[in-house]
Amino acid sequence: MDQQGLTRINTAWALFQGLLIEALPFLLIGVLISALARWLAPGGRWLRRLPAHPLLGPLSGAALGFALPACECGNVPVARRMLVGGAPLGTALGFLFAAPVLNPIVIASTWAAFPAQPWLLLARPIGAVLVALALSLLLRLIPEERLLQADVLAERQLNQPLSAVNLLQRRSGLVGITTATASDQQESRQPLTRPPLQEVLSHGGREFMQLALLLVAGCVLAALVQTVLPRQWLLDLGSSPTSSILALMALSVVISVCSSVDAFLALSFAAQVTPGALLAFLLLGPVIDLKLAGLLGLLLRPRGLLLASAGAGLSVLLISQWINLWLL
Amino acid sequence: MKSHAPQAVALALWGLVLLRSSIDGRLDLLLRGVFHPLVSIAGLLLLVWAMLLVLPLQGRRSKTAAPVVAEAVTPRHWQSLVATALIAVLLIGLPPNPSFADLAQRRPGDDSSEAELAFVLPPAQRSLTDWVRLLRTQSDPRLYVGDPVRISGFVLPRNDGPPLLARLLVRCCLADGTPIGLPVRWPAGNPLPKADQWLQITGSMAVQQGLDGEELVVIPQRISVIPRPRRPLEP
């Protein structure tokens, strides 16, 4: 291999390490919150009390982002905990897709990076909520058993009221009882005692081990693509309103930088792109990027992941086009 | 076989990776300074977590708590553990050695417009980054002609001119690094410096005709080759 090839491998290795080492603490925060929730609220009853309304559910899930000021890597284990705890699907998805933007740190960093553009401070959280709403409504079209990964679904069905699980999927309970009775029975069979701390730690440890390996795969992919693809090509595409949005969407997927600092990165090329493209970069990255793909694959089956990616791309494109029409 | 061992070993390995990275100085090459304590704390937490898993906590359990059920260790757990161990060994054994020039050549330059600077250092004390930021607020290059310069950076080759002396600005990690640079009038008759070489230049500022009109250029009086600084990234 020639010197240039070796230099590029060294650079890709450093990029990989940078992405991974920066993301691991946030992943740990997410897993710790998930483990704490499992210990403090065994059975996840409070999760099942979250609204299941198609609109209120995702909105309340999005609002929970204020309770977890972490970036998208930390949100995945918490969203997984919500899903397996029996939270309404729309609520968990609303949290998964909107919380990486709708949290105090991200809003503050956006303000710090763009103090002279107050429209962005409003458009980013509102856009994130709209994207999360669109994705929640879209993913509800797929039955849960074809949307969620098998292990998530199995644990989720154990924690759902019997009335919410069809007869073939039930592993316990009685056939032919009324919904109210089934719910009562489900409530009564929940353990009242907390699981032992060591069991919670072991469960969380297994989750961290699994997620960290998926994060490694995502970081390898992101580092390789960043090393091979010159970033200027994407920015050069961004001369017209639509192509600038598409270029910045592609850039956000490739760069895979965490949502708490992406506004500062966007600052470096904000003058070269349209306002809609800038917003597209800030909206899409927290929902889907190369680093996140593996982590999201732990929750969603490939069909769900593809639909979520396509839906996120389309909704971000529409919102950003509207911004360009309004501001240009 | 039932045990917490695979989780404990995997957590300890990740903890060691983060702590080792905090100690051996590689974070200075990879992450912005504000994230360094976070990495160290995460490493410590992972080690404590691993220790809690192997220590016998059962004796301290509440009497009302359910009995501890260790999870059955499956082949998948062992595979995950082997993969974690392999990655940890590679991360610890192969520290990063990026080429800033290679990275910067594939990135667009930082184009952010600075707000007015609240405090401006005397010319000889300004770093390369200070100079670039100052030029964005007061873009008339003629204001600085003759000012003394003492800056350091790496050599960044360009396709459309002689190499720049450059630095990488990093907001989060190396993946978002964007280059900034100043043109240098390299001494005639000498070979151009190599890409990635770290130089300290003492000289003065002058004006030359660039691609987009007049631009500031560093006229070196003394060029010294220096090792890469311990903290080469700029916030």
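If you're wondering where the values come from, they're calculated on a predicted model, not measured in any experiment.

All right, on to the interface of chain B and chain A then. Interface size is often expressed as the accessible area that is lost when the parts come together. Opposite the 54 residues of chain B that make contact, chain A presents 51 residues. Among the secondary structure elements, those contributing two or more residues to the side of chain B that touches chain A are helix 1 (5–23), helix 2 (27–30), helix 3 (36–54), helix 4 (75–93) and helix 5 (100–105) of chain B. For the side of chain B that touches chain A, the element with the highest residue contribution is helix 3 of chain B, accounting for eight residues. Of the residues that constitute the side of chain B that touches chain A, the class distribution is 34 nonpolar, 11 polar and nine charged.

On to the packing of helix 4 (residues 72–84) of chain A against helix 9 (residues 150–159) of chain A, then. For any two helices packed against each other, the geometry comes down to the angle between their axes and how far apart the axes lie. Residues and elements named next belong to chain A. Contact geometry of helix 4 with helix 9 gives a least axis separation of 7 Å together with a crossing angle of 50°. It follows from the interaxial angle that helix 4 and helix 9 lie oblique. Here R80, L83 and V84 of helix 4 lie close against helix 9, whose contacting residues are V152, E155, R156 and N159. Residue composition of the contact of helix 4 with helix 9, grouped by class: three nonpolar, one polar and three charged.

The subject of this paragraph is the pairing of strand 4 (residues 198–210) of chain B. All names here are of chain B. Judged from the seven bridges that link them, strand 1 (residues 148–156) and strand 4 form a sheet pairing that is antiparallel. If you follow I151 over to strand 4, its bridge partner there is I201. Looking at chain direction, strand 4 and strand 5 (residues 213–225) are connected through 12 bridges and run antiparallel. Paired with G210 across the bridge in strand 5 is G213. Connecting strand 4 to the next strand, strand 5, in antiparallel fashion are two residues.

Rules used throughout
Residues numbered from 1 in each chain as written. Chains lettered and ligands numbered in written order. Predicted model: local features only at pLDDT ≥ 70, side-chain atom pairs only at ≥ 80, totals over all residues. Contact = placed C-beta atoms within 7 Å. Helix = DSSP H or I, 4+ residues; strand = E, 2+ residues; numbered from the N terminus. Nonpolar A, V, L, I, M, F, W, Y, C, P; charged D, E, K, R; others polar. Axes fitted to C-alpha atoms, helices over the stretch in contact; angles between N-to-C directions. Parallel < 35°, antiparallel > 145°, perpendicular 65-115°, else oblique. Pairing = 2+ DSSP bridges.

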